[in-house]
Amino acid sequence: MKVGIIGRTNVGKSTLFKAMTMEEVEIADRPFTTIDPNRGIAYVKIKCPESEFKLKCNPHNAPCIDGIRYVPFELIDVAGLVKGASKGRGLGNKFLTDAMEADALIQVIDISGKTNEAGEKAENYDPAEDIRMVKGEIAAWITGLIRKVKARDDEELALSIYKELSGLRFRYETIKEGIKRFQLHRLDEDDLDDFTSYLLTSDKKMIIACNKMDITEDLEGKLKELRSKFDYTFIPCSAEAELTIKEAERHGFVRYDGKRFEIIKEINKQQRDALDIIAKILDKFGSTGVDTLINELVFKIMNWKVVFPVADEKKLTDSQGRVMPDAYIMAADATPKDLAEKVHTEVAKNYKGAIDCRTGLKIRNDKPIDNGQIIKIIV
Ligand SMILES: Nc1nc2c(ncn2[C@@H]2O[C@H](COP(=O)(O)OP(=O)(O)OP(=O)(O)O)[C@@H](O)[C@H]2O)c(=O)[nH]1
Ligand SMILES: [Mg+2]
């Protein structure tokens, strides 16, 4: 599963990316710092079933820390967007292609209003403008691609659009359904816009990270206004605060549980001052918001499922005797057969069914996986 971070330039996309992946990337207070996309691995947290079964897991792909499993997904941070990008302005279309590799999107906005549409310093800039601009640019670019398509009937049209948009990861089913709904063969401009909008809301779901909450006046008022204007989920956060604690954690200065941190090593005055600022932010907001952002996107908006595949339904081990070594994120409608594909093409080829290890019962082949399920694939 892949998540893309998009948004106007200088809002804190790379800061969020770094806080989530701990990859070394460039962050700076100027427009267009990122040009080529940054790619890395981020994690969503879920309770490890080990304590439920009084077992100790042997993590392989998904680390386990204090009973919490860190389940990996891919994250991509792309260049900042400016008005006119769909027509080649700023860094142009390239970033749009990069962003569309993703199955789900995080749009970062600067809710403080202290940077404007060009990424420069400002006062009271309305981030609603950026949300409209980003939506408009993506839609204009996709509509432009679809407009080139010619076809004789709906079936040919669906295939041609699918080919034209290949690499952007739209589902064929969505395209077919959209053509039916909006009677696209007439290629009327209004219908085309509705069709693009349908593709985007169906296959590119998005959450909005309201970043820089730490320097925002009247955060609640601003959130309320945005929520009244748009249908998206808005999560306030401070990518910079999260990054500062993660850096301190990496150097062994603090222990951090996602809500609070504890200083566990001698630090100098400068480090203490920096951490004091973060402690105040945590006191005020309860958390940096970054975990909430990921959880909302993965489990509420995308309805993705974390699943633990095993080979022995009693011992909950894989073929090498390791207890629940792997955890995978699967799509909302993924079935045990899809899980078999994820584990290994050989396993998928020999797939004979699946067992829910909690109940010991066979799972119907077409039944979507539940979140947190432990599944044995029968081969
Ligand atoms: N106060 C505050 N500043 C932040 C926060 N997140 C990022 N910043 C600052 O915002 C500036 C831009 O951060 P970047 O992460 O480089 O922004 P970007 O969106 O990747 O920018 P481009 O790659 O140029 O499009 C930097 O000076 C960051 O330190 C935050 O949560 N709070
Ligand atoms: Mg950047």
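Residues numbered from 1 in each chain as written. Chains lettered and ligands numbered in written order. Predicted model: local features only at pLDDT ≥ 70, side-chain atom pairs only at ≥ 80, totals over all residues.

Chemist: I'm lost on the overall build of the chain in this one. Help?
Modeler: Along its length, the chain carries twelve helices and 14 strands. The C-alpha radius of gyration of the chain comes to 23 Å, within 12% of the 21 Å expected for a compact globule of 379 residues. For the chain, the residues scored as buried account for 37% of the 379 residues in total. The long-range share in the chain, meaning contacts at least 24 apart out of those at least 6 apart in sequence, stands at 65%. (Helix = DSSP H or I, 4+ residues; strand = E, 2+ residues; numbered from the N terminus. Rg over C-alpha atoms; globule rule 2.2 N^0.38 Å. Buried ≥ 20, exposed ≤ 12 C-beta atoms within 10 Å, placed from the backbone. Contact = placed C-beta atoms within 7 Å.)

Chemist: For this particular structure, what's the right way to read the domain arrangement of the chain?
Modeler: Accessible area lost upon the coming together of the parts is a frequently used measure of interface size. Here the chain is partitioned into domain 1 (2-229) and domain 2 (304-378). Using only C-alpha atoms to locate each centre, domain 1 and domain 2 end up separated by 30 Å. Listed by partner, the interface residues are 16 residues for domain 1 and twelve residues for domain 2. Contributing elements (two or more residues each) for the side of domain 1 that touches domain 2: strand S2 (38-47) and strand S4 (68-77). Ranked by the residues each element gives to the side of domain 1 that touches domain 2, the list is headed by S4, at three residues. Of the residues belonging to the side of domain 1 that touches domain 2, the class tally is ten nonpolar, three polar and three charged. (Domains from an automatic or database assignment. Nonpolar A, V, L, I, M, F, W, Y, C, P; charged D, E, K, R; others polar.)

Chemist: I'm lost on helix H9 (residues 269-285) in this one. Help?
Modeler: The first and last C-alpha atoms of H9 sit 24 Å apart over 17 residues, in line with the 24 Å expected at 1.5 Å per residue. Once H9 ends, the next one or two residues include Gly286, with phi positive near 90°. (Expected span 1.5 Å × (residues − 1).)

Chemist: I keep staring at the site of ligand 1 and nothing clicks. Help me out?
Modeler: The immediate surroundings of ligand 1 are formed by 22 residues, with Gly12, Ser14, Asp29, Thr34 and Gly80 found nearest. Elements with a minimum of two residues in the shell around ligand 1: helix H1 (13-21) and helix H8 (239-250). For the shell around ligand 1, the element with the highest residue contribution is H1, accounting for three residues. (Near = placed C-beta within 6 Å.)

Chemist: Sorry if this is basic, but what is going on with the nonpolar core here?
Modeler: Side chains of nonpolar character tend, in soluble globular proteins, to be buried together. With 83 residues, the main nonpolar core has Ile106, Ala209, Cys210, Leu293 and Ile329 as its most contacted residues. Shared between two domains, this core holds at least three residues of each, these being domain 1 (2-229) and domain 2 (304-378). In this view, Cys210 contacts Ile109, Ile111, Leu223, Phe234, Ile235, Pro236 and Cys237; residues no more than four positions away in its chain are not counted. Membership of the second largest hydrophobic core comes to eight residues, among which are Ile245, Phe253, Val254 and Ile281. (Core = buried A, V, L, I, M, F, W, Y, C linked by C-beta atoms within 7 Å.)

Chemist: Whenever I open this one, the sheet that holds strand S13 (residues 361-363) confuses me. Can you help?
Modeler: Strand order in the open sheet formed by five strands is S11-S10-S14-S12-S13, with mixed pairing between adjacent strands. A strand with exactly one partner marks an edge of an open sheet, and here the two such strands are strand S11 (328-330) and S13. With strand direction ignored, the average angle separating the axes of adjacent strands in the sheet is 45°. Where strand S10 (residues 305-310) lies against S11, three bridges are found, and the strand directions are antiparallel. Pairing of Val306 across the sheet is with Ile329, part of S11. (Pairing = 2+ DSSP bridges. Axes fitted to C-alpha atoms, helices over the stretch in contact; angles between N-to-C directions.)

Chemist: Honestly, the packing of helix H4 (residues 154-164) against helix H5 (residues 172-182) in this entry has me stumped. Any pointers?
Modeler: Between two packed helices, what matters for the description is the angle formed by their axes and the separation of those axes. In the contact formed by H4 and H5, the axes pass within 9 Å of each other and the chain directions differ by 135°. Taken together, the axis directions place H4 and H5 in an arrangement best described as oblique. Seen along the crossing, H4 lies across H5 with a hand that is right-handed. Seen from H4, the contacting residues are Asp154, Leu157, Ala158, Ile161 and Tyr162; seen from H5, they are Tyr172, Ile175, Lys176 and Ile179. Here the residues of the contact of H4 with H5 are counted per class, giving seven nonpolar, no polar and two charged. (Parallel < 35°, antiparallel > 145°, perpendicular 65-115°, else oblique. Left-handed = near helix turned anticlockwise from the far one by under 90°.)

Chemist: Just to check I follow, could you spell out the packing of H5 against helix H6 (residues 189-203) for this structure?
Modeler: One way to put it is that H5 packs onto H6 with a least axis distance of 10 Å and a crossing angle of 145°. When the axes of H5 and H6 are compared, the crossing they make is right-handed. Along the contact surface, H5 presents Thr174, Ile175, Gly178, Arg181 and Phe182, while H6 presents Asp191, Asp194, Phe195, Tyr198, Leu199, Ser202 and Asp203. Per-class residue counts for the contact of H5 with H6 are five nonpolar, three polar and four charged.

Chemist: Teacher, can you tell me more about H5 here?
Modeler: Buried within H5 are the following residues: Ile175, Gly178 and Ile179. An end-on view of H5 places all buried positions within 100° of arc, on one side of the element. Those residues of H5 that are exposed and angled more than 90 degrees off the buried face are Glu173, Lys180 and Arg181. The inward-facing, buried residues of H5 abut H4 and H6. A positive backbone phi angle near 40° is found at Gln183, which sits one or two residues after H5. (Arc of directions from axis to C-beta.)

Chemist: It is not clear to me how the environment of Thr15 should be interpreted in this structure. Could you clarify?
Modeler: Note that Thr15 resides in helix H1. Residue Thr15 is classed as buried on the basis of its 24 C-beta neighbours within 10 Å. Spatially, the C-alpha atom of Thr15 lies 18 Å from that of Lys2, the residues being 13 residues apart in sequence. With sequence-adjacent residues up to four places away left out, Thr15 is seen in contact with Ile27, Ala239, Glu240 and Leu243.

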